[in-house]
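Descriptive structure summary
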Amino acid sequence: MKKLLVFTLFSFFVSQSFCQLGLIAGYKTFNPEDWNVLANDFQSPSPYPIAGWQAGVDYWFRLKKRRIEFTPELSFSRFKKEFENGQLDHSIIGFHFNTDVYIFDLASDCNCPTFSKDGNFFSKGFFLELSPGVILARNHLQLRNDIKQTDEELTEDIFALGGSVGAGLDIGVSDLFTITPLVRLHYYPNLEWKNDLRESNLQSYLKQLFLGIRFRMHFKEFANARFH
């Protein structure tokens, strides 16, 4: 009996936690424009922007009396481009505190982003987003020296502060699932790569476009469906 009680309590708290989790994935660009001086090293056109992907997980909570929701997010993204005489490889771990403001539904008492309540589809689901954050970027540069028959490589980790602005639209597939298309514009004002293969460091701002989807499953609704 004790084991059954412990298992029941554990399952309850796990389901409550997972009810708040969202999975995010999508397309993302990497564009530090002033790093395009690397074109001389690769003997090619400007290497940036580079297209890549991002995946992440967020945790959802909200204000009680206003439709302002918070989804702090941990993400990983990867960008890679190969050239005839080498390659660039960038990977980023990011943490952003997403604040979603449902500007057409601020007074709503909706406790989960579903559409079981009455109201206009767009006004219930559309939000604007502001997301301050920090990133840790790992930059890897590899150049092949055909004369020496060797590879020159450099890997360095750098931090940057910045964030994004964006918008999204919650689409309630049912009371159990919500899918949210997202668009975000990221900006980090100071990215400095201490590139030992060059005479001076690479300094630039970083611009990124993210187009993605967030998926959230509402475990509370699963429980309601099971017992009704």
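Residues numbered from 1 in each chain as written. Predicted model: local features only at pLDDT ≥ 70, side-chain atom pairs only at ≥ 80, totals over all residues. Heavy atoms only, no water.

1. With respect to the pairing of strand β4 (residues 68–83)
Regular strands place side chains that alternate from one sheet face to the opposite one. To keep things clear, this is the line we draw: Should DSSP find at least two bridges between two strands, the strands are taken to pair. A run of H or I in DSSP becomes a helix once it reaches four residues, and a run of E becomes a strand once it reaches two; helices and strands are each numbered from the N terminus.
Two strands pair when backbone bridges link them, and strand β2 (residues 50–59) and β4 are joined in this way by seven bridges, in the antiparallel orientation. Paired with D58 across the strands is E73, a residue of β4. Two elements, strand β3 (residues 61–62) and β4, share two bridges in a ladder whose sense is antiparallel. The residue of β4 that forms the bridge with F61 is F70. Following β3, the chain reverses through five residues before pairing antiparallel with β4. Note that β4 and strand β5 (residues 86–101) share 16 bridges and pair antiparallel. Looking at β5, one finds that L74 is bridged to F95. Taken together, β4 and the strand that follows it, β5, pair antiparallel across an intervening segment of two residues.

2. Observations concerning the side chain of T180
As a reminder, the rule being used: In the analysis that follows, any N or O atom pair within 3.5 Å is treated as a polar contact, provided that within protein one partner can donate a hydrogen and the other can accept it, and provided that, for residues neighboring in sequence, both atoms belong to side chains. Any pair of residues with heavy atoms lying within 4.5 Å of one another is described as a contacting pair.
Mapping T180 onto the fold places it in strand β9 (residues 177–193). Among the polar contacts listed, one links the side chain of T180 to the side chain of D170, at a separation of 2.6 Å. Excluding anything up to four places from it in sequence, T180 contacts F127, G168, L169, D170, G212, I213 and R214.

3. A look at unusual backbone geometry
In this structure, the amide linkage connecting Y48 to the following residue, P49, adopts the cis form with an omega of 10°. Relative to the elements of secondary structure, P49 occurs in the loop between α2 (39–42) and β2.

4. Some thoughts on the nonpolar core
Let me state the cut-off plainly: Residues enter a nonpolar core if they are buried and are Ala, Val, Leu, Ile, Met, Phe, Trp, Tyr or Cys, with the set joined through side-chain atoms within 4.5 Å. Using a 1.4 Å probe on the protein chains alone, a residue whose accessible area is under 20% of its type maximum counts as buried, one over 50% counts as exposed, and one in between counts as partly exposed.
Of all hydrophobic cores here, the largest spans 22 residues; its most connected members are W35, L38, Y48, L88 and W193. Counting residues per element, the ones that place at least two in this core are β4, β5, β6 (126–145), β7 (150–169), β9 and β10 (202–217). If you tally residues by element for this core, the top one is β6, at four residues. When residues no more than four places from it in sequence are discounted, the contact partners of Y48 are F30, N31, P32, W35, N36, L38, L88, H90 and W193.

5. A look at the pattern of salt bridges
Two side chains that carry opposite charge are able to pair once their charged atoms sit near each other. Applied cut-off: Salt-bridge detection follows one rule: a side-chain nitrogen of Lys or Arg within 4 Å of a carboxyl oxygen of Asp or Glu.
If you walk through the whole model with that rule in mind, you get twelve salt bridges. For R184, the salt bridge goes to E73, with nearest N and O atoms at 3.0 Å. Here the residue R184 occupies a position in strand β9, and E73 occupies one in strand β4, the gap between them amounting to 111 residues. Since its relative accessible area comes to 3%, E73 is described here as buried. Here D89 makes a salt bridge to R78, at a shortest N to O gap of 2.6 Å. Of the two residues, D89 sits in strand β5 while R78 sits in strand β4, which places them eleven residues apart along the sequence. D89 gets classed as buried once you look at its relative accessible area, which sits at 12%. Via salt bridges that share partners, D58, D100, D170, R214 and R216 belong to a single interconnected network.

6. Some details on the environment of L182
The residue L182 is located in strand β9 in this model. Owing to a relative accessible area of 4%, L182 belongs among the buried residues under this scheme. Separated by 28 residues in the primary sequence, L182 and F210 have C-alpha atoms spaced 7.7 Å apart. Apart from the residues within four sequence positions on either side, L182 is in contact with I24, F127, A167, G168, F210, L211, G212 and R214.

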